[in-house]
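Inside the fold
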Amino acid sequence: MSAYVNQVKSYIERYQAEVGGDGLLDPHAVAEWAYQRGLHKPSIRTVVDAIASDISQFFREEFRTNEDGQRYRAKHAVRFRRGDKTMSLWADMDDDQAPRDHFVKSFSQRRQQIVGDCYQLKTDVDVYNGKNVAQQPIQVPLDFTLDVEELQLPLKGKKAA
């Protein structure tokens, strides 16, 4: 683990010991607590990263509706490494200058994120069920075909007003 990760881990453990609570952790409460005690001093890099994160969140939440009434995410990111840094570049689906290859990579990366999330969810459920064998196992289906079809139902045959 890096020194930074160890520092964060240390003040999270200290927060838990000092504040206690119900076993639930609010990252904002922990951050505020650590900041107020001088345990975490943001650098200019941290401030720039926070602003960039806000901008990325804005991009992620920008939706539009096409003439068929389909609500779509307007901007899409591709993550890549440059040296030791991971970066994201965003493109707008309605920008004719944005290269098709960017969207192919973006959609592929999003699909891989979903697969990774499903894999981790399955692992977490399996571990939970293994720790609680006296209870009925939690079942989490990972085939989303019917879910997606159901969400598409209201759109079929409707045009944007």
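All values reported here derive from a predicted model rather than from experimental measurement. (Residues numbered from 1 in each chain as written. Predicted model: local features only at pLDDT ≥ 70, side-chain atom pairs only at ≥ 80, totals over all residues. Heavy atoms only, no water.)

1. Some remarks on the packing of aromatic side chains
In total, this model carries 4 aromatic pairs according to the counting rule given. Taking the centre distance of 6.2 Å and the plane angle of 55° together, the rings of Phe58 and Phe59 count as tilted. Overall, the relative accessible area of 53% leaves Phe58 in the exposed class. Plain terms: the ring middles of Phe59 and Trp90 are 5.3 Å apart, the flat faces sit at 55° to each other, and that makes the pair tilted. Of this pair, Phe59 sits in helix H3 (residues 44–60) while Trp90 sits in strand S4 (residues 85–92), and the two are 31 residues apart along the sequence. (Phe/Tyr/Trp six-rings, centres within 6.5 Å; stacked < 30°, edge-to-face > 60°. Buried < 20%, exposed > 50% of the residue type's maximum accessible area, 1.4 Å probe, protein only. Helix = DSSP H or I, 4+ residues; strand = E, 2+ residues; numbered from the N terminus.)

2. Topic: the pairing of S4
Relative to S4, strand S3 (residues 75–82) is paired through 8 bridges, and the arrangement is antiparallel. Following the sheet pairing, Val78 is matched in S4 by Leu89. Taking the residues that link successive antiparallel strands as the turn, the S3-S4 hairpin has 2 residues, and the phi of Gly83 there is positive, at about 65°. (Pairing = 2+ DSSP bridges.)

3. Observations concerning the pattern of salt bridges
Counting across every chain of the model gives 10 salt bridges. Among the ionic pairs, Lys75 bridges to Glu62, the shortest N-O distance being 2.6 Å. Taken together, the positions of Lys75 in strand S3 and Glu62 in the loop between H3 and strand S1 (63–65) put the pair 13 residues apart, joining distant regions of the chain. Salt-bridge contacts for Lys105 lead to Asp101; the nearest nitrogen and oxygen are separated by 3.2 Å. In this pair, Lys105 and Asp101 both sit in helix H4 (residues 100–131), 4 residues apart, roughly one turn of the helix. Relative accessible area serves as the criterion here: at 44%, Lys105 is assigned to the partly exposed category. (Salt bridge = Lys/Arg side-chain N within 4 Å of Asp/Glu carboxyl O.)

4. Quick look at the nonpolar core
In terms of nonpolar packing, the biggest core is built from 6 residues, these being Val8, Tyr11, Tyr15, Val30, Trp33 and Ala34. Elements supplying a minimum of two residues to this core: helix H1 (3–19) and helix H2 (27–36). Among residues more than four places away in sequence, those in contact with Val30 are Tyr11, Ile12, Tyr15 and Leu25. (Core = buried A, V, L, I, M, F, W, Y, C linked by side-chain atoms within 4.5 Å. Contact = heavy atoms within 4.5 Å.)

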